[in-house]
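What follows is each chain in one-letter form.
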Amino acid sequence: NVAPRLVPIIPDEARTFGMEGFFQKIGIYAHEGQKYEPEDSAQLSSYREEKSGQVLEEGITESGSMSSWIAAGTAYTNHDIEMIPIYLFYSMFGFQRIGDFAWAAGDSQARGFLIGATAGRTTLAGEGLQHQDGHSHLISSTIPNCVSYDPTFHYELAVIFREGLRRMHEKNENIFYYITTMNENYPHPEMPNYKECEEGILKGMYKIKENSKYKKTKIQLLGSGAILREMIAASEILQNEYQIDSEIWSVTSFNELRKDGLEVERYNLLNPTKEKKITYIEQCLGKAEGPILAASDYMRMNSDQIRPYTSKSFYSLGTDGYGRSDTRKNLRRFFEVDKEHIVAYGLSVLAKEQLIASKYAEEAIKKYNIDKNKPIPTKL
């Protein structure tokens, strides 16, 4: 009973996203039906327009696509029909180009999903300035009723999407979702088997792995989106080569963690005589050992949002600067968010906290050919 209410909206990039199967299966909406023979008519998944089509294939018009999304997202109040619009776009072409429409969507209390595909500064190899988004989560955070997530694995996305449907269409909350998805093939693990995992996904972070082999020195690694896998790989190197234990946290939403931090801080200031509430970040990390190193495929400011809400030493890595046309591996090295930089910075953090000798960090910087004299990417 949900399928007829779905409104997939794609601005020109259906084939790029591998979604051309929609054309034959559910058709492209055209109020007068198809009036031409498509140039790809010989292909199995050719364009097919019809009056009963469901896909809105909008062409190269982000503003038109967003206007259609707002119309469907407000149909629950304007036409008494609950629709579920899902607008899929290159994430750089979302808030970057139609930010005022996104604000208007919030203002008009639209409900629906914005899917920022090929998201992150380093996930779309070779596309340079036009396509590489390292700041959309920061822009989305300016809209009060926009709920943003940056998941890495399929089960995270499923949990988030299901909760979005529940909140918008069962609880009738006037919110909308912005979810970033990547453009990289990698294996997806099973969902961790502990009861707080789903709650953590929705609140913004959960422990995905723990390395506690040596029980001497430990660091907390917080990874998001495309860079979580670099964090996991770095944790293995830290354990196998440097005897450093770590806890790896999948941060599905720095924005949601910040919202929780703001609310808890406000409550504590307004209730000075009551027992203080604890932020969700502190519930996760308060009793954990070691400093925090956080990284995402977005500007450092993305992870820095949670810095005030933990009492631990906090360090962040990110993709500040303009995009570049290169391979994923080289892009992540350039922005210093690859596993080698995470290892080197992690050791340096532990040295700064006087938990290990600084020589280990120096050795790692040399081992991985990290150029200390390279300017910060924002200046290149």
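All chains use their own residue numbering, which begins from 1 and follows the written sequence. Restriction of local features to residues with pLDDT of at least 70 applies here, the model being predicted, together with a cutoff of 80 or more for giving and counting side-chain atom pairs; totals for whole chains, interfaces and linings are based on all residues. With hydrogens and water excluded, all non-hydrogen atoms of the structure serve as input to the side-chain values.

1. Concerning the sheet that holds strand β8 (residues 176-180)
Then, in step 1: In this description, strands pair whenever DSSP reports at least two bridges between them. Numbering of helices and strands runs from the N terminus, with a helix taken as a DSSP run of H or I at least four residues long and a strand as a DSSP run of E at least two residues long. Judged by pairing direction, the sheet is parallel, and its six strands sit side by side in the order β4-β1-β5-β6-β8-β7 without closing on themselves. If you trace the sheet from one side to the other, it starts and ends with β4 (56-57) and β7 (146-149), each paired once.
Then, in step 2: Direction of pairing for strand β1 (residues 6-10) relative to strand β5 (residues 84-90): parallel, over a ladder of four bridges. Its bridge partner lying in β5, Leu6 is registered against Ile84.
Then, in step 3: Contacts were defined at the residue level, with two residues in contact if any of their heavy atoms lie within 4.5 Å. Whenever a helix is involved, its axis is fitted only over the stretch in contact; in every case the axis is a line through C-alpha atoms, and angles between N-to-C directions fall within 0 to 180 degrees. Where helix α2 (residues 62-73) meets the sheet, its contacts fall on β1, β4, β5, β6 (113-117) and β8, and the angle it forms with β5 comes to roughly 160°.

2. Some details on the layout of surface pockets
By rolling a water-sized probe across the atoms, one finds the places where empty space is left.
Then, in step 1: Taken as a whole, the largest pocket spans an internal volume of roughly 320 Å³.
Then, in step 2: Around the largest pocket, the lining comprises 16 residues; the ones closest to its centre are Glu336, His341, Tyr345, Ile370 and Asp371.
Then, in step 3: The leading source of residues in the lining of the largest pocket is helix α14 (residues 339-352), at four residues. The distinction between a cavity and a pocket rests on a 1 Å grid over the protein atoms alone: a 1.4 Å probe fits inside a cavity but cannot get out, while a pocket stays open yet meets protein on both sides within 12 Å along at least five of seven lines, and a residue with an atom within 4 Å of a point counts as lining. Grid points are joined across faces, edges and corners, and a volume is the space filled by probe spheres set on the points.

3. Quick word on the pairing of strand β12 (residues 292-295)
Then, in step 1: Of the two faces of β12, the one lined by Ile292 and Ala294 and the one lined by Leu293 and Ala295 are each fully buried.
Then, in step 2: Both strand β10 (residues 217-223) and β12 contribute to a ladder of four bridges, which runs parallel. When the bridges of β12 are listed, Leu222 appears paired with Ala294.
Then, in step 3: One ladder, built from four bridges, connects β12 with strand β13 (residues 314-317); its direction is parallel. A 1.4 Å probe rolled over the protein chains alone gives each residue an accessible area, and that area as a share of the maximum for its type sets the label: buried under 20%, exposed over 50%, partly exposed in between.

4. Let's talk about the environment of Ala288
Then, in step 1: Within the element layout of this structure, Ala288 appears in the loop between α11 (280-285) and β12.
Then, in step 2: Once the C-alpha coordinates of Ala288 and Gly73 are considered, the two residues, 215 residues apart in sequence, prove to be 42 Å apart.
Then, in step 3: When neighbours within four sequence positions are excluded, Ala288 is seen to be in contact with Gln220, Glu247 and Lys312.

5. Quick look at the environment of Ile115
Then, in step 1: Tracing the chain through its elements places Ile115 in strand β6.
Then, in step 2: What makes Ile115 buried here is its relative accessible area of 8%.
Then, in step 3: With 86 residues separating them in the primary sequence, Ile115 and Tyr29 have C-alpha atoms 20 Å apart.
Then, in step 4: Excluding residues that lie within four positions of it along the chain, Ile115 makes contacts with Ile86, Tyr87, Leu88, Phe89, Ile179 and Thr181.

6. Here's the deal with the environment of Ala294
Then, in step 1: Mapped onto the secondary structure, Ala294 falls in strand β12.
Then, in step 2: Using a relative accessible area of 0% as the deciding quantity, one classes Ala294 as buried.
Then, in step 3: Taking the C-alpha atoms as reference points, Ala294 and Gly323, separated by 29 residues in sequence, lie 20 Å from one another.
Then, in step 4: Sequence-distant contacts of Ala294, defined by excluding residues within four places in its chain, comprise Leu222, Met231, Phe254, Ser303, Phe314, Tyr315, Ser316 and Leu317.

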